[in-house]
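Architecture and fold: a report
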Amino acid sequence: MRCLLIAILAVALASAIGACAEETIMLEGMLEEGQAAAFDLDGDGRRETVKWSAMPDMDLDHVVVTVAAPDGTQMEWTSGSLYGARVYVRDIDEDGASEIFVTGDEMSDDYLTYCLRPDGGTLKQLSFENGMRGGEGGPFVDCGYGLLTDMDGNALTLTGSQDVLGTYFGSRTYKLEDGRFVFDDDGLWHFTYDEDDDWTWKQLTLSRPLSVSLEGGETAVLEEGTKLRITASDCRTVAHFMTQDGRKGVLPIAVNEEKGWGFVVEGIDEEDLFESVPYSD
């Protein structure tokens, strides 16, 4: 039953991610594959020529970005595995120098976003505050986790899967500051659901009563059989939820150190607290 639930969730997540990827086509500054376009990438008032292509290599796809400087010298950057890539060029912080953004699916619906700038004859990857699924790596990593889904002023939004009492598709916002991207939000991944969904998937059903804190400071007991959804989380200590009848609150969570994976809520293992937990690979 657990395997069937995971398979169903994986299909649903892939569909949601695919729809989200299609929406990014309309972001300002998208560069078509194979199209050469001129941008000032270093703020010196002269334009460099930018071009990109998707290059199959054995069973993997890679993105190759080529930049030709006004003096004829060339810089090239090649990604690791990246499928369904899109490339944008935009002066995100309005300092007169445009950044190159490369975003796509690394593998198995794990999306990555790179930001490139010329630096000493090469294309340098700007670092991102770590939002990787699972939290691997140090405080900063060389790309952002998630699909680039919005750019607004100096802010950009990355959207991808996170694992917290299940697997959910959510977003974080960054801003470019001192040459690297730092979080510029409330510290939470915010998860979205299809407005037409009828609570038939991605919900948690309590298998025992649970005392919770609701919005406004009220304490309530959610009865066995109550359905709820995780709406936001820092993926470490708190998970915001909404019940099917519209009540909203916060659950204190902690990584299950005994198992080495999953979470506990108020000291209760998630698998003992809910009828099933919708994790996906």
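Residues numbered from 1 in each chain as written. Predicted model: local features only at pLDDT ≥ 70, side-chain atom pairs only at ≥ 80, totals over all residues. Heavy atoms only, no water.

What follows is about the overall build of the protein chain. The secondary structure content of the protein chain amounts to two helices and 25 strands. Each principal axis of the C-alpha distribution contributes one length, and for the protein chain these read about 70 × 40 × 35 Å. The contacts in the protein chain between residues at least 6 apart in sequence include a share of 45% that link residues at least 24 apart. (Helix = DSSP H or I, 4+ residues; strand = E, 2+ residues; numbered from the N terminus. Contact = heavy atoms within 4.5 Å.)

The next point concerns the pairing of strand β4 (residues 60-68). Where strand β3 (residues 48-57) meets β4, nine bridges bridge the pair, whose relative direction is antiparallel. Its bridge partner lying in β4, W52 is registered against V65. Hairpin connection from β4 to strand β5 (residues 74-78): five residues lie between these consecutive antiparallel strands, with G72 at a positive phi of about 95°. (Pairing = 2+ DSSP bridges.)

A word on unusual backbone geometry. Phi at K202 takes a positive value of approximately 65°, unusual for a residue other than glycine. Mapped onto the elements of the fold, K202 is located in the loop between β17 (189-191) and β18 (204-205). Positive phi values are uncommon outside glycine, yet E266 reaches one of about 50°.

Applying the stated criterion across every chain, the model contains seven aromatic pairs. When the ring of F128 is compared with that of Y174, the centres are 5.4 Å apart and the planes differ by 80°; the resulting orientation is edge-to-face. With F128 in strand β10 (residues 128-129) and Y174 in strand β15 (residues 167-177), this residue pair connects regions lying 46 residues apart in the sequence. Taking 4.6 Å as the distance between ring centres and 15° as the angle between the ring planes, the aromatic pair formed by F128 and F181 counts as stacked. Of this pair, F128 sits in strand β10 while F181 sits in strand β16 (residues 180-183), placing them 53 residues apart in sequence. On the basis of relative accessible area, F181 is assigned to the buried category, the value being 0%. Among the aromatic residues, those joined into a cluster by ring pairs are F101, F128, Y174, F181 and F183. A cation over an aromatic ring shows up here: R172 above the ring of F183, its NZ or CZ 3.7 Å from the ring centre. (Phe/Tyr/Trp six-rings, centres within 6.5 Å; stacked < 30°, edge-to-face > 60°. Buried < 20%, exposed > 50% of the residue type's maximum accessible area, 1.4 Å probe, protein only. Lys NZ or Arg CZ within 6 Å of the ring centre and 35° of its normal.)

If you look at soluble globular proteins, the nonpolar side chains tend to sit buried side by side. Judged by nonpolar contacts, the single largest core of 50 residues is most densely connected at V65, I100, V102, L165 and I230. Y88, L126, Y174 and L176 belong to the second largest nonpolar core, which has 15 residues in total. (Core = buried A, V, L, I, M, F, W, Y, C linked by side-chain atoms within 4.5 Å.)

Turning to the pattern of salt bridges, a few remarks are in order. What the rule picks out here adds up to 13 salt bridges. With its nearest N and O atoms 3.9 Å apart, the salt bridge here joins R90 to E28. Linking R90 in strand β6 (residues 83-90) with E28 in the loop between α1 (2-23) and β1 (30-31), this pair joins segments that are 62 residues apart in sequence. Accessibility expressed as a relative area gives 54% for E28, which makes it exposed. The shortest N-O distance in the salt bridge between D95 and R117 comes to 3.7 Å. Here R117 lies in strand β8 (residues 110-119) and D95 lies in the loop between β6 and β7 (99-107), a separation of 22 residues in the sequence. For D95, a relative accessible area of 44% puts it in the partly exposed group. Exposure remark for R117: the relative accessible area of 19% places this residue in the buried category. Overlapping salt bridges, with partners in common, bring together D93, D95, E99 and R117 in one network. (Salt bridge = Lys/Arg side-chain N within 4 Å of Asp/Glu carboxyl O.)

Among the structural elements, T159 can be located in strand β14 (residues 155-163). Judged by its relative accessible area of 6%, T159 falls in the buried class.

A word on the environment of S207. You can see S207 is positioned in the loop between β18 and β19 (210-214). On a C-alpha basis, the gap between S207 and V277 in space is 11 Å, while along the polypeptide they are 70 residues apart. Not counting chain neighbours up to four residues away, the residues in contact with S207 comprise E224, D272, L273, F274 and E275.

Moving on: the sheet that holds β4. Pairing in this open sheet of four strands is antiparallel, and the strands run β2-β3-β4-β5 from one edge to the other. Looking at which strands have only one partner, the edges of the open sheet turn out to be β2 (37-39) and β5. Between one strand and the next, the sheet's axes are offset by a mean angle of 30°, whatever the strand orientation. (Axes fitted to C-alpha atoms, helices over the stretch in contact; angles between N-to-C directions.)

Averaged over all residues, the pLDDT of the protein chain is 89; the fraction at 70 or higher stands at 90%. Note on residues 1-25: pLDDT under 50 across the span, and 41 contacts to partners over four residues away in sequence or across chains. (pLDDT = per-residue confidence, 0-100.)

Now for the side chain of R229. Within the element layout of this structure, R229 appears in strand β21 (residues 227-233). Side-chain polar atoms of R229 contact the backbone oxygen of W201, separated by 3.3 Å. If we skip the residues at most four places from it in the chain, R229 touches Y193, D197, W199, T200, W201, K202, Q203, H240, F241 and M242. (Polar contact = N/O pair within 3.5 Å; in protein donor to acceptor, adjacent residues only side chain to side chain.)

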